[in-house]
Amino acid sequence: MDQNELKKAVARAAADYVKTRLDERTVIGVGTGSTANYFIEYLGEFKQDIQATVASSEDTAKRLKALGIPVIELNSAPEVSVYVDGADEANEYLQLIKGGGGALTREKIIAAVAKEFVCIADGSKLVDVLGSFPLPVEVIPMARSHVGREIVKLGGDPVYRDGVVTDNGNIIIDIHNMSIVDPRKLEQQLNQITGVVTNGLFAMRPADKLILGTIEGLRTLSL
């Protein structure tokens, strides 16, 4: 199986899992990215049973609406029953790096609200130590230089993601060459830098379940 087939396999597993949990109160949080896009396709197969979804990006909202799946604003949702999204990296504690697609802030907000966070990824995303994938940080534009200098003090190499503007109107700085041995601590340190909106470490609120697609089959890790 190639990487796309593995992504499809975990997306199918997540859709099947969500389908078994649907009732008249269920609101599904839907992530952003290539793996989440497959999940959206599979949601379309039982869209008539879906009461509502909340989207982590404008792109995701458009994809859901194009399939006739109802999308509501998070502020209108009484709760989010389950949130399904991919990851750029994950460790055995289900702590993640997310935001390769630039939607990290809205993804983190939905994850914080959700009763259950299900992460789906191909097996290559599981690592011993986070940080090989550059860590995204969403930044208020006028704070770009200041945030970059503070990141250097923390031991990272900040790189401005040229030409990218988030759905919130901000910029992205990617932190390269940082081995993240204490994800919770770094997540807090970065969020305390003035001008940072949030960062792509999901350590304070990790996934509850991680469904990995491997050549040997599906593997599920849970907290």
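Per an unreviewed UniProt entry, the chain goes by the name ribose-5-phosphate isomerase and belongs to marine sediment metagenome. Heading Catalytic activity (unreviewed entry) of the UniProt record for the chain holds this comment: "aldehydo-D-ribose 5-phosphate = D-ribulose 5-phosphate".

Chemist: So what exactly am I meant to see when it comes to the sheet that holds strand β11 (residues 201-202) here?
Modeler: Adjacent strands of a sheet pair through backbone hydrogen bonds, lying either parallel or antiparallel. With respect to topology, three strands assemble into an open sheet ordered β4-β5-β11, the strand pairing being antiparallel. This sheet does not close on itself; its edge strands, each paired only once, are β4 (89-90) and β11. Looking at chain direction, strand β5 (residues 96-97) and β11 are connected through two bridges and run antiparallel. Its bridge partner being in β11, I97 is matched across the sheet by L201.

Chemist: How do you make sense of the domain arrangement of the chain when you look at a structure like this?
Modeler: Domain parsing of the chain yields domain 1 (3-127 + 204-222) and domain 2 (135-199). Taken over C-alpha atoms, the centre of domain 1 sits 24 Å from the centre of domain 2. The interface is formed by 15 residues belonging to domain 1 together with 17 residues belonging to domain 2. Carbon and sulfur atoms supply 53% of the area buried between domain 1 and domain 2, which totals about 1,400 Å² over both sides. The three residues of domain 1 that bury the most area against domain 2 are L104, K108 and M204, which together make up 43% of that side's buried surface. Put simply, K108 and E187 hold a salt bridge, and the shortest N to O gap is 3.0 Å. With four residues, helix α4 (residues 104-113) is the largest single contributor of residues to the side of domain 1 that touches domain 2. The class makeup of the residues in the side of domain 1 that touches domain 2 is three nonpolar, eight polar and four charged.

Parameters at a glance
- Counting starts from 1 at the beginning of each chain's written sequence and moves along it residue by residue.
- Since the coordinates come from a predicted model, pLDDT governs what is reported: local features require at least 70, and pairs of side-chain atoms require 80 or more to be given and counted, while whole-chain, interface and lining totals use all residues.
- Values shown for side chains rest on all heavy atoms present in the structure; no hydrogens or waters enter the calculation.
- UniProt positions are given in the numbering used here, feature names are shortened, and annotations may be inferred rather than shown by experiment.
- Strand pairing is assigned whenever DSSP identifies at least 2 bridges connecting the two strands.
- Starting at the N terminus, helices and strands are each numbered in turn, a helix being any DSSP run of H or I of at least four residues and a strand any DSSP run of E of at least two.
- An automatic or database domain assignment provides the domain bounds reported here.
- Contacts between residues were defined by any pair of non-hydrogen atoms, one from each residue, lying within 4.5 Å.
- Simply put, the buried area is the total loss of 1.4 Å probe accessible area from both parts when two parts are fitted together.
- Salt bridge, as used here, is a side-chain nitrogen of Lys or Arg placed within 4 Å of a carboxyl oxygen of Asp or Glu.
- All amino acids are sorted into three groups, where Ala, Val, Leu, Ile, Met, Phe, Trp, Tyr, Cys and Pro are nonpolar, Asp, Glu, Lys and Arg are charged, and the leftover types, Gly among them, are polar.

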